[in-house]
Amino acid sequence: MSKYSQNEILAEIYTRTDIVDLISEYVVLRKKGKDYWGRCPFHLEDTPSFTVSPDKQLFYCFGCQTGGNAINFIQKKDGLTFWEAAAVLAERVGVELNSKENSPTRQREYSEKQKFWRMQAAAAAFYHELLLVSPEGQVARDYLTRRGINEESIKRFQLGFSLPAWDALLRHLLNQGFSAQELAQAGLIVARGGGGGYYDRFRGRLMFPIYNYMGKIVGFGGRILESGEPKYLNSAESRFFSKGDHLYGLHMARTSIQHSQQAILVEGYLDVITAHQFGITNVVGSLGTALTETQARLLVRYSPEVILAYDTDQAGVAATMRGIEILRSQGARVKVLTLPDGKDPDEFIQKHGREAFQNALRKWTQGFFAYKLRRACERYDWGNVTGKVAVVEELLPDLAQVNSEIEQQEYIRLLARTVDISEEAIVADFRKYLGKTRKTGTNWDRNAQFRHNKIEVRALTNPLLGKSKLAERINRPAHLMAERKLLQMILEDCSVWPKAEAELGPDLFTDEYLQKIWAHLRNYLANRVYNREGLARVIDELDDPACQSLLTEICFHDCPADVEQRERLLDDYIKTIKRYRGQQRIEQLRQQIITLSEAGLAETTEAKNLMSEYQALLREHKVK
């Protein structure tokens with residue numbers, strides 16, 4: 001595709017993208033009338049309030065007031081910038097994203113990232129072929145057989161084998177047209193000391209390609225199969241790869257995670273592969289590293305609930321304790337699975353099967369607080385006073401991090417029962433603890449409370465309150481409702497616009513969000529380019545998420561089909577808006593008249609003119 005302007009490229013992306021097909025990959029949608037409905041992927045809900053319009057190519061959730069077009073959906077779902085999301089869709093529908101308006105730096109970086117992905121994919125294909133057919137790969141094939149990994153899983157996860165030779169991959173990829181410098185920057189080969197050429201980073205290892213959430217290979221993990229160290233070797237950190245930014249298997253698991261609203265986090269590659277092989281597909285791995293905040297944020301995008309299923313050895317317990325804190329800091333609802341007999345998920349599933357693992361999830365999964373309480377009781381002798389005090393003191397910070405009073409009460413009851421102390425005594429110590437931390441300002445509770453308050457403030461100040469429970473307690477002024485309905489009518493029928501301007505003037509709206517929307521939308525209407533692609537561009541150009549969601553919500557409300565009824569409603573909307581403007585002008589005039597009177601200027605021509613206009617408006621609007 002030749003180079004186009006950004007507007008033309010985006011229009012082509014919107015034209016080729018079917019938003020229903022796109023969102024169906026993430027959300028189970030059911031058709032109701034002309035639209036599709038499902039449970040919102042952006043917040044927990046029991047009753048579906050998330051709707052997708054194939055006619056308008058828009059989505060909107062009436063529960064959390066999130067909405068927009070196809071690019072906005074990918075932005076919100078995967079936490080991307082606008083152009084990153086556009087690149088995802090462009091690749092999906094076969095549109096070349098290069099643009100004359102893109103900066104040379106952006107074009108160069110995008111080109112380099114594409115080449116990086118091609119190199120990783122070429123390496124993965126080479127390793128995979130070696131595993132499947134090479135004589136040297138027999139050692140890896142035997143290992144996988146012993147571990148119960150079947151051929152389907154080998155192909156699905158594109159497992160591979162790196163030859164023991166020093167330069168097998170190097171020679172192969174040089175023949176593919178890549179340079180040694182590029183391969184070194186991609187972390188696939190290593191420069192010899194003293195400038196003596198290069199050698200393969202991975203040699204004699206079982207290879208696990210690491211994918212990003214979009215399904216692009218960004219690196220590798222390699223397990224040594226014979227003698228040698230380290231046992232596991234990862235790709236070198238680079239501009240385009242950091243193992244702490246990715247979760248193993250997420251590209252395969254994210255749809256299942258979204259549908260189940262639950263993610264199971266394990267440690268190892270084989271834990272993930274075995275789980276998927278047995279049909280447990282909401283499992284991802286933390287790449288054998290301590291869980292990072294980036295990984296936690298990535299996971300919480302897809303599910304609010306995370307079950308930690310790490311190994312039960314000392315290192316696994318330590319990793320679990322760290323994982324609880326990191327996941328909770330990102331707003332996750334955290335539980336912990338402790339499998340019996342100290343087995344890891346891979347071993348347990350291979351031995352007992354899928355159903356036994358699902359039963360274990362129901363039987364052996366604990367909330368984070370119960371897990372930490374059990375671990376504290378294992379460390380301290382809670383049969384004496386000193387031990388009881390130590391257990392309670394260790395758990396007080398966790399109580400303080402809980403926003404829900406109901407949860408706090410339940411945890412206090414659990415703590416009291418476990419260490420045989422009265423609830424009143426624990427509550428007393430808890431209050432003292434909160435008093436100390438408020439004075440010092442060091443407790444994470446302040447951050448937790450801030451997050452809680454921020455959610456409420458955002459809801460109260462958001463103009464898109466829609467059908468939320470908070471919105472039901474806040475009465476939106478009649479003139480704002482009328483302005484929203486007026487814009488809705490204009491979107492449905494452009495002929496309404498001239499009549500509205502004749503009655504209200506060119507500035508149709510008083511609401512600041514509607515003013516921003518109208519400033520962009522008016523140009524599209526004037527130039528007669530208002531269609532589904534044009535509307536998608538208006539939403540993009542608004543840039544303000546509140547305006548984007550408001551316009552999307554308005555688009556999801558239909559006007560009456562009856563022409564006479566629509567005309568009556570239009571007249572009512574215009575009258576309501578004019579009445580509000582009149583009342584605002586009356587109050588403005590009143591203040592001006594008072595000011596002049598207090599200054600001794602009540603008899604001036606200016607004051608008399610203001611009084612004349614004031615009285616006329618009072619009569620017109622029948623204000624007593």
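Located above this text is the structure these notes cover.
I will try to describe carefully the structure that is included in this document. (Residues numbered from 1 in each chain as written. Predicted model: local features only at pLDDT ≥ 70, side-chain atom pairs only at ≥ 80, totals over all residues. Heavy atoms only, no water.)

Among the seven residues that make up strand S9 (residues 205-211), seven are buried, leaving the element largely enclosed by the rest of the structure. On S9, burial covers both faces: Arg205, Met207, Pro209 and Tyr211 on one face and Leu206, Phe208 and Ile210 on the other are all buried. With three bridges connecting them, strand S6 (residues 160-162) and S9 associate as antiparallel partners. Paired with Phe161 across the two strands is Leu206, which belongs to S9. Taken together, the seven bridges between S9 and strand S10 (residues 217-224) define a ladder with antiparallel strand orientation. Each bridged residue has a counterpart across the sheet, and for Met207 the counterpart in S10 is Gly222. In this structure, the hairpin formed by S9 and S10 is closed by a connection of five residues, where Gly215 is found at a positive phi of approximately 90°. (Buried < 20%, exposed > 50% of the residue type's maximum accessible area, 1.4 Å probe, protein only. Helix = DSSP H or I, 4+ residues; strand = E, 2+ residues; numbered from the N terminus. Pairing = 2+ DSSP bridges.)

For helix H17 (residues 385-400), spanning 16 residues, the distance from its first C-alpha to its last is 23 Å, which sits close to the expected 22 Å at 1.5 Å a residue. In H17, a bend of some 25° at Glu394 exceeds every other bend along the element, and Pro397, a proline, comes one to four places later. Considered for burial, the residues of H17 that qualify are Gly387, Lys388, Ala390, Val391, Val392, Leu395, Leu396, Asp398, Leu399 and Ala400. Regarding H17, its N-cap is Asn384, as a side-chain oxygen of that residue lies 3.2 Å from the backbone nitrogen of Thr386 further along. (Expected span 1.5 Å × (residues − 1). Bend = angle between axes of the 7 residues up to and from the residue. Polar contact = N/O pair within 3.5 Å; in protein donor to acceptor, adjacent residues only side chain to side chain.)

What follows concerns the nonpolar core. Among the nonpolar cores identified, the biggest contains 79 residues, and Ile13, Ile23, Phe50, Leu265 and Leu415 are the most heavily contacted of them. The contact partners of Leu265, leaving out residues within four places of it in the chain, are Leu247, Val284, Gly285, Ser286, Leu291, Leu299, Val306, Ile307, Leu308, Ala309 and Tyr310. (Core = buried A, V, L, I, M, F, W, Y, C linked by side-chain atoms within 4.5 Å. Contact = heavy atoms within 4.5 Å.)

A word on the sheet that holds S10. Taken together, four strands build an open sheet; the order of strands is S6-S9-S10-S11 and the sheet is antiparallel. Of all the strands in the sheet, just S6 and strand S11 (232-234) have a single pairing partner and so form its edges. The mean inter-strand angle of the sheet, taken between neighbouring strand axes irrespective of direction, is 35°. Bridging between S10 and S11 involves three bridges; their strand directions are antiparallel. (Axes fitted to C-alpha atoms, helices over the stretch in contact; angles between N-to-C directions.)

This part is about the sheet that holds strand S2 (residues 35-38). Pairing is antiparallel in the open sheet, where five strands are placed in the order S1-S2-S3-S4-S5. Looking at which strands have only one partner, the edges of the open sheet turn out to be strand S1 (30-32) and strand S5 (67-68). In the sheet, strand S4 (residues 58-61) pairs with S5 via two bridges, with the strands oriented antiparallel. When the bridges of S5 are listed, Tyr60 appears paired with Gly67. Each of strand S3 (50-53), S4 and S5 is contacted by helix H3 (residues 70-78), which is oriented at about 45° to S4, the strand it contacts most.

This part is about unusual backbone geometry. The linkage connecting Glu229 with the following residue, Pro230, adopts the cis geometry, with an omega of -5°. For Gln65, which is not glycine, the phi torsion reads 60° and is therefore positive. The residue Gln65 is located in the loop between S4 and S5 in this model. Assessed through its relative accessible area of 8%, Gln65 is described here as buried. Here Gln261, not a glycine, exhibits a phi torsion of approximately 55°, which is positive. By secondary structure assignment, the location of Gln261 is in the loop between helix H10 (250-260) and strand S12 (263-266).

So, about the environment of Glu129. Turning to its location among the elements, Glu129 is positioned in helix H5 (residues 104-133). Placed 31 residues apart in sequence, Glu129 and Gly160 show a C-alpha to C-alpha distance of 7.0 Å.

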